[in-house]
Structure formats: structure tokens, C-alpha cells
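Residue-level listing of the chains:
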2 protein chains.
Amino acid sequence: MSQNIYDQQEFFENYIQLDRQVRGLAGAPEWPQLKAMLPNLDGLSVLDLGCGFGWFARFARENGAACVRAIDLSEKMLDKARSLTDDENIEYERADLEELRLAENQYDLVFSSLTFHYLVNLPTLIKEVSKSLRPSGRLICSIEHPIYTSPSKPSFVVDEETGRQFWPLDGYQSEGLRSTNWFVEGVKKQHRTMGTYINILLDNSLQLTDLVEWGPNEEELKIHPSWG
Amino acid sequence: MSQNIYDQQEFFENYIQLDRQVRGLAGAPEWPQLKAMLPNLDGLSVLDLGCGFGWFARFARENGAACVRAIDLSEKMLDKARSLTDDENIEYERADLEELRLAENQYDLVFSSLTFHYLVNLPTLIKEVSKSLRPSGRLICSIEHPIYTSPSKPSFVVDEETGRQFWPLDGYQSEGLRSTNWFVEGVKKQHRTMGTYINILLDNSLQLTDLVEWGPNEEELKIHPSWG
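None of these values were measured; they are calculated from a predicted model.

**Side note on the sheet that holds strand S1 (residues 45-49) of chain B**
All names here are of chain B.
- Ordered in space as S3-S2-S1-S4-S5, the five strands form an open sheet in which the pairing is parallel. If you trace the sheet from one side to the other, it starts and ends with strand S3 (90-94) and strand S5 (133-142), each paired once. The mean inter-strand angle of the sheet, taken between neighbouring strand axes irrespective of direction, is 15°.
- Where strand S2 (residues 67-72) and S3 come together, five bridges link them in parallel fashion. Across the sheet, residue Asp72 finds its bridge partner in S3, namely Arg94.
- Along the sheet, helix H5 (residues 75-84) makes contact with S2 and S3, crossing S3 at roughly 165°.

Quick look at the structure:
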């Protein structure tokens, strides 16, 4: 069973104050680039893995999706999602993605935002996703970048000589558990290299069509200097 | 015109002492993984971009390739390659890869080892490569990893508290020229993100089938502790 950090009260109370929870998709810096990858949603059957408050599920329906199955492990997230949703074609469901089994040929779009880096058994999930996609169906997903999940001490360091900030990268090739402090201690993530992520997709009959590594543009850096 | 660092006497004299030049492919740590990606070479028409001393060209012929066209910018490298080769089906040729134009449907395998990160105009070269490949032809190439080309100060730093080494990553999203010291000052490389490299391939009708990020295994770390 996966760690269910989102149902810990202290974590949850902090998490819901993030811009991406308060403002929804518009508060997520990477949303414009994810959105640009989406197909025309008209009439599509959509699966959302790690749906959180359901922001994407509602977006998909508002933009023409026929139905959305939205899955999360956190009761608190699902309760909030249901309270924000008035749409019988969005089905919220509690499930552990480590153990999810999917029927064949069900979905035109599988979407997952910042969820896969929590999963130990990602290859099995991707196998299920691949099977569940219809011909010409797509998986569109975001993860924390391997450069971000890798370090033993994941916080910026200032070079005393030049004043430049750098990211103290170590352990890149050492895949597996990273226990980090994010609102609370001991949030568990799985570090994988970029090559491993990509080969998990390729090994499960998926074809890579785009890869974007999010970074702030100049305008975003002016508004949010701390993203630099 | 590309920088021709390999023809500078001081650089060349140091470069030829590298294990990968003295011992050839067996001296290149990444060779086992590149080799594992190769198709059966029997009867193939091969193009080698940045052939250096011709180690791969000779390997390909010894393993059944019908012919190899091997290109490099450096006269010194080509002179040495020719002196090591006695095979009329290997054609060595001096050309600038920034300006290379290729005929359609010529090659079963295009190979390139640690060359693409020197090129400003890589998209044009990949367009030419894609055009020159026969149906089911393959491009197999290695580059310096973007994590390696990115930093403004590319050398390991020791964390005084833990004694761990880390790599001071900065400028990852800032693509373009990196001027580094490698035997001599001012060796020019081009930094690109992983996403940019992959999309250059995808944008030119190539399909990604494998991505390996080389790192030392435990056995290699015992023999070469400095690779850790």
C-alpha cells in the first residue's frame, strides 16, 4: 500500500494552501505546457490518475470530455473534489495506483499530474494504462524531474565566490526511495532516472511523442523570482 | 564552421592519451551499452559522424558491415584513422557536420559517439540523418549528458558536513554555448536539455526506442573509484 501523506492532517492543511490548490490549474506553473499537449477533448473517455481536488476532471468535462474517471488514494482529496463538483459524468474513486487493474481499450486519454514519482510499482501501472488505452489514445503525464528527486539534500546552495545558486546533485544513478521533508517529515518519493521513466513507457508499447522539462520563462521569473 | 579543437597540437597530444584512444572501444566506459543497442551489422551500409580514430568504423566492418563512410572535422584524427585502417570499404572523409548534406535512403545505421554536443546546428544535421536512413534504419548516438554540460563550474564539490560529493548543477534551462577547460582553455560545447535533444529526434520523423544514461556499475567503481 502506498504512503497516504495527503490524508495526514498537518500535511493536508498546508498542501491546500498551495497556489495550485487554491487557484486550480491556473495556479500550476506547468499547466500551460501540459495543456498544449492535450488533444481535442470532445467526446473523449478520460482517466485521471491522482486526481486531487478534481481540477483536471472538471476542466476535461468543461471542454467536451464525455466522461472522466478520477482516482486518488486520499479520502480528504476526494471529499473536497466531490464538494467542488456537480457533474454526474465525473466518477471519483478511491484506489491505490500501486494495485490498480484496468480493463482493455477503455480510454482515449489517461492523464496524471505529479503522481507517478510516488509509486514503487510504476511499471505495472503503465502496463495497465497501455492496455486500457484505445488505439490512438494518449497518456499525458507530469512527474517531478529526476534532477529534483535525486539529491540527498534537496535544497539550493549558494556559491560563496560568485553568489550563484546551484542545485547539489548527487545520487542520480541511485534509484529508489527518497524520504524528504515537505510540510511534514518523511514524505516518500521514488527517484528514477529520465532513461528509466522513458523506457518504462517504451517497454509497454507506448510511443514517445513529446517531452517537456518545465522551467520558468522570463515573465514568470519577474513575477516569481524564487522560481529562478 | 565548427571549432576544430582536435587539430590543436596541445589538445591532440593530451587527447590521444585517453584510454578510449589508446585502447579503442574497450577503453570507452559507455561502449558496452552502446554495443548492446546495435543491430546485427551484417551487410549494413553505415555512416559514422565524428569518427575520430576510426575505432567504430573498423569494428563495424569486422562485424559484417558492407561499407562505412566515416566523417570527422579533424585532419589529425583522420590521418591517424587512415594509418590504423587497411580496408577499402571504409571511406574516411573530412567534413564539417554543421554543413553536411546527405542523399536520401542511403544508410542502415548512422552512428555517432560523443559528437553532437559540439554542434550548434544539430537540428539540420538530424534532418539530414533522418532523410538518409533507409526504412527501418537506425540512428545510435551518444552525447555528453545535459547534467554534465550544464553547469557554469563543471567540477564536483565536496559537502563539508557529510563528505559527500555533489555536482553543482545550474543553468540547466539556459541552453547554448559552454566554454570549458579540457586539456586546453576554451573548448566550446553546446548545452541542450534532455527534452530538446529528444524533441529534435521526434521532430525529424525519428522514433525513440531506447535511452540509456550511462553510469558506472559496482565493478567499474572498484576499478575506477574516480568515476563515482
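Back to the text.
**Description of the sheet that holds strand S6 (residues 157-158) of chain B**
- Strand order in the open sheet made by the four strands is S6(A)-S7(A)-S7(B)-S6(B), with antiparallel pairing throughout. Among the strands making up the open sheet, the edge pair consists of strand S6 (157-158) of chain A together with S6 of chain B.
- In this structure, strand S7 (residues 165-169) of chain A lies alongside strand S7 (residues 165-169) of chain B, joined through three bridges in antiparallel fashion. In the strand pairing of S7(B), A:Pro168 is matched with B:Pro168.

**Considering the relation of the copies chain A and chain B**
- In the superposition of chain A on chain B (RMSD 0.0 Å, axial shift 0.0 Å), the rotation amounts to 180°. Put plainly, the chains are arranged around a two-fold axis. Relative to the rotation axis, the C-alpha of A:Pro168 is the closest in chain A, positioned 2.6 Å from it.
- Interface residue correspondence from chain A to chain B reaches 97%, placing this contact among same-surface, isologous pairings.

What counts and how
- The residue numbers shown here count from 1 along each chain, following its written sequence.
- Here every chain gets a letter starting at A, and every ligand a number starting at 1, in the order they are written.
- Thresholds applied to this predicted model are a pLDDT of at least 70 for local features of residues and 80 or more for the giving and counting of side-chain atom pairs; totals over whole chains, interfaces and linings are not thresholded and use all residues.
- Note: side-chain values were computed over all heavy atoms of the structure, leaving out hydrogens and water.
- Each pair of strands is called paired provided DSSP finds at least two bridges between the two strands.
- Strands are runs of DSSP state E lasting at least 2 residues, helices are runs of H or I lasting at least 4, and numbering of each runs from the N terminus.
- Axis geometry follows a simple rule: fit a line to the C-alpha atoms, using only the stretch in contact for helices, then measure angles between N-to-C directions, giving values from 0 to 180 degrees.
- Residue contacts are defined here by distance: any two heavy atoms, one from each residue, within 4.5 Å place the two residues in contact.
- Superposition of the copies used a least-squares fit over C-alpha atoms from residues whose pLDDT is at least 70 in both.

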